[in-house]
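Chain by chain, the residues:
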Amino acid sequence: MKKIFITGCTGYIGSHTCVELLNAGKKIVGLDNFSNSKREVLDKIKQITGKNITFYEGDMLDKTLLEKIFTENEIEMVIDFAAYKSVGDSVSKPIEYYVNNVSSVLSLLQVMKEHNVKTFIFSSSATVYGNPEMIPITENCKIGGTTNPYGTSKLYVEGILKDLYQSDHSWNICIFRYFNPVGAHQSGLIGEEPNGIPANLMPFIAKVANKELECLNVFGNDYDTKDGTGVRDYIHIIDLAKAHVCGVEKLNKEKHGLYIYNLGTGAGYSVLEMVEAFQKVNNIKVPYKIVGRRAGDIGVCYADSSLAEKELNWKAELGIEDMCRDAYNYINKK
Ligand code: WQD
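What you are looking at is a predicted structure, and each value in this text was computed from that prediction instead of being measured.

Colleague: How do you make sense of helix 3 (residues 63-72) when you look at a structure like this?
Modeller: Residues that lie three or four places apart on an α-helix share one face, since the helix turns once every 3.6 residues. Buried within helix 3 we find Leu65, Leu66, Ile69 and Phe70. With its buried residues spanning 135° around the axis, helix 3 presents them on a single face. Away from its buried face by more than 90 degrees, helix 3 exposes Thr64 and Thr71. Residues of helix 3 that are buried in the fold lie against strand 1 (3-7), strand 2 (27-32), strand 3 (54-57), strand 4 (75-80) and helix 5 (94-114). Taking the backbone nitrogen of Thr64 as reference, a side-chain oxygen 3.1 Å away marks Asp62 as the first, capping residue of helix 3.

Colleague: I tried to follow the sheet that holds strand 14 (residues 300-301) on my own but got confused; where do I start?
Modeller: The strands that make up a sheet are held in pairs by hydrogen bonds between backbone atoms, and each pair lies either parallel or antiparallel. The mixed open sheet is built from 3 strands, whose spatial order is 12-9-14. Each edge of the open sheet carries a strand with a single partner, namely strand 12 (269-270) and strand 14. For strand 9 (residues 231-232) and strand 12, the ladder comprises 2 bridges, and the chain directions are antiparallel. By the bridge assignment, Arg232 is partnered in strand 12 with Tyr269.

Colleague: What am I meant to see in a nonpolar patch on the surface here?
Modeller: On the surface, a nonpolar cluster with roughly 260 Å² of combined accessible area is contributed by Leu61, Ile95 and Val99. The residue Ile95 is located in helix 5 in this model.

Thresholds, definitions, all that
Residues numbered from 1 in each chain as written. Predicted model: local features only at pLDDT ≥ 70, side-chain atom pairs only at ≥ 80, totals over all residues. Heavy atoms only, no water. Buried < 20%, exposed > 50% of the residue type's maximum accessible area, 1.4 Å probe, protein only. Helix = DSSP H or I, 4+ residues; strand = E, 2+ residues; numbered from the N terminus. Arc of directions from axis to C-beta. Contact = heavy atoms within 4.5 Å. Polar contact = N/O pair within 3.5 Å; in protein donor to acceptor, adjacent residues only side chain to side chain. Pairing = 2+ DSSP bridges. Patch = residues over 30% accessible without salt bridge, like charges linked within 9 Å, V, L, I, M, F, W, Y side chains within 5 Å. Areas by Shrake-Rupley, 256 points an atom, 1.4 Å probe, with all protein chains shown as cover. Salt bridge = Lys/Arg side-chain N within 4 Å of Asp/Glu carboxyl O.

Here you go:
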């Protein structure tokens, strides 16, 4: 049976997508260098699904390894999750980010082309919209004006994929622009586990609730929003993973094309609304204090995800309470 090749398969989004694809009866070959994940995630995926994946440890920049993977496995398509994703880190390490997030994709695309595997799902980000020209954001919104190397690296790869498709219409590409993925698998066996102090809101709240961190700093309450704090489109990681199953079905049906979808819920929640929901659903206090704005932040960002609903027959089903419950359940279980 042909396999789906998943890079970054033990990462936060990669591991949850593996679970949903295995549950949908797909076969998987995975690659990870454990730069932002742990080998034990492979066992957790097996524990959740009862299924194994073929796994290779290594880096997408290692073309010899990629050749080996494509030679030893019959691959029907590739889903690429392997990227560094810390906005703050990317500002201080631009070369590492462009090498890891752009050069590695070029290395992958070269090997895919050599093996005539031209079906590809790429994980992009709402960050490519920069400071969005309109809210809610549709896929036709202008992209660019990214304010950090992480976002710019995603913008560059989107441009590479558009040029690739223009050069050869036999490619079959889906670009997913993630909004704010949060939460964890209901089992509590896999979830988001950033190294060190989390940069993102939900893992930070979870660590404060779990008394691993003292207090949440709320970055600004002077935005033009209902309570002055930043508004984002948080999407449960399970809904996001299920969208990839729909993406696989879409590309299997279409055979060629270039498709771009926002993956969000279409609802925006403020920082204080998230804190309130987290406290309520987990019956726990999350101490916080209002501090100054974080450089590079925008006030409001949430998706119009109607195109994915229409063309992928996919819609986010889990709400903010599920996100808060599952995020806390995961950190509690570790
Ligand atoms: C959310 C809101 C902060 C932390 C980034 C990337 C995006 C994606 C998700 C990878 C904002 C506020 C946060 C804290 C806070 N990453 N906040 N205190 O910045 O919307 O998106 O992460 O794909 O590409 O750009 O997410 O979770 O960092 O912030 O007040 O300690 O929470 O100001 O309003 P962001 P975030």
